[in-house]
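# Structural characterization, general
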Amino acid sequence: MIYKVIDIEINYKRFGADNHGYQPTMTLYLPDNSDAIEAGRKRPTVVICPGGGYQGTADREAEGVAFKFIAADCNAVVVRYSCAPARFPCQLMEVAFAISKIRENAEEWNVNPDKISVMGFSAGGHLAASYGTLWNRDFIKEYFGFENGENKPNGMILCYPVITSGEKAHRGSIDNLLGDKKDDPEMLELVSCEKQVNEDTPKAFIWHTFEDNGVPVENSLMMASSLAEKKINTELHIFPHGWHGLSLCNNIVLHPDTYHGEYDEVQVWIDLAIRWLKNL
């Protein structure tokens, strides 16, 4: 396996932002090919954005999740993106860097360039959904000089995502993302993902729990509805029970003092997501 941590290099001043000195990274987990199996195998790739309310990036939604994809013969890349006091659109630019870097190195890294999906949990799900709806905006393309969809995600995997900035918003995430623009109507509209779905938004896999005590399930329902309105193929799973932040829903990623298997039935989501990614 290739394991490598790459610094994400962004000149934030060029678009009037400040990430306050944080060094974002992309960590590669890339299975090796074998002449005895299939020398030139190209794998689907998932770009994982952990949650954390835009205050930080949660370990429970990072490497452990990557290992599940590796075990299923997929590539995984974990993005540790900038958080508060860094504001929008720092995080979008960092994901754009990561996806374009993966596609640029597709041959060397054994990547299927048509099966690169951005994935996120909670606030990381907001980042993934924002990127899926805004990846082709001029401010991103002009900064990088993209002309041929180098940064295009082929899919989105959204795990109990923050989606809306409206009535059902996870207000802490939106406030951390926007800072002193948290009440700006224009910015609130731009970061409300269900309002930004368009014809260039990729296919989606979404899951949530009905009982989510942090991010209301309506966030996923609104996103799925907007995707359906634009005829964008979507797989949606709503599990009846489970609190916010379950990740893989096991003691590999959750502290054993707080999780005792009460929502094991939710664990199936990762197998469904892997199947979906491979079938993109």
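Residues numbered from 1 in each chain as written. Predicted model: local features only at pLDDT ≥ 70, side-chain atom pairs only at ≥ 80, totals over all residues. Heavy atoms only, no water.

### Some points on the pairing of strand S8 (residues 234–239)
- Pairing analysis gives 6 bridges linking strand S7 (residues 203–209) to S8, with the strands arranged parallel. Considered in S8, the bridge of Phe 205 is made with Glu 235.
- The parallel pair S7 and S8, bridged by helix H7 (residues 218–229), forms a crossover whose chirality is right-handed. (Pairing = 2+ DSSP bridges. Helix = DSSP H or I, 4+ residues; strand = E, 2+ residues; numbered from the N terminus. Right-handed = clockwise from strand over helix to strand, strands pointing away.)

### Observations regarding the pairing of strand S3 (residues 43–49)
- In terms of burial, S3 is a largely internal element, 7 of the 7 residues being buried.
- Sheet topology places S3 next to strand S5 (residues 111–121); 6 bridges connect them, and they run parallel. Bridge assignment links Cys 49 to a residue of S5, and that residue is Gly 120.
- Two elements, S3 and strand S4 (residues 75–80), share 4 bridges in a ladder whose sense is parallel. (Buried < 20%, exposed > 50% of the residue type's maximum accessible area, 1.4 Å probe, protein only.)

### Side note on the packing of aromatic side chains
- Taken as a whole and assessed by the stated rule, the structure comprises 15 aromatic pairs.
- Members of the aromatic cluster, joined through ring pairs, are Tyr 12, Phe 15, Tyr 143, Phe 144 and Phe 146. (Phe/Tyr/Trp six-rings, centres within 6.5 Å; stacked < 30°, edge-to-face > 60°.)

### Things to note about the pattern of salt bridges
- Under the definition given, this model contains 10 salt bridges.
- A salt bridge links Arg 41 to Glu 38, with the shortest nitrogen-to-oxygen separation between them at 2.8 Å.
- Note that Glu 218 is salt-bridged to Lys 168, the shortest N-O span being 3.8 Å. Of the two residues, Glu 218 is situated in helix H7 and Lys 168 in the loop between strand S6 (155–159) and helix H5 (171–178); the sequence distance between them amounts to 50 residues.
- Classification of Glu 218 by relative accessible area gives partly exposed; the value is 29%.
- Through salt bridges with shared partners, one network takes in Glu 38, Arg 41, Arg 43 and Asp 73. (Salt bridge = Lys/Arg side-chain N within 4 Å of Asp/Glu carboxyl O.)

### Points about empty space enclosed by the protein
- All told, the structure shown has 1 cavity of 30 Å³ or more when counted by the stated rule.
- By volume, the largest cavity amounts to about 40 Å³.
- Taken together, Tyr 54, Phe 88, Pro 89, Gln 91, Leu 92, His 126, Leu 127, Ser 130 and Leu 177 make up the lining of the largest cavity.
- Elements with a minimum of two residues in the lining of the largest cavity: helix H2 (90–104) and helix H3 (123–134).
- At 3 residues, the largest contribution of residues to the lining of the largest cavity is made by H3.
- Among the residues making up the lining of the largest cavity, the classes are represented as 6 nonpolar, 3 polar and no charged. (1 Å grid on protein atoms, 1.4 Å probe; cavity = no way out; pocket = protein on both sides within 12 Å on 5 of 7 lines; lining within 4 Å. Points joined across faces, edges and corners; volume = space filled by probe spheres on them. Nonpolar A, V, L, I, M, F, W, Y, C, P; charged D, E, K, R; others polar.)

### Let's talk about unusual backbone geometry
- Ala 84 connects to Pro 85 through a cis peptide bond whose omega is 15°.
- Within the element layout of this structure, Pro 85 appears in the loop between S4 and H2.
- The omega torsion across Phe 88 and Pro 89 is 5°, close enough to zero to call that bond cis.
- Even without a glycine there, the phi angle at Asp 73 is positive, about 65°.

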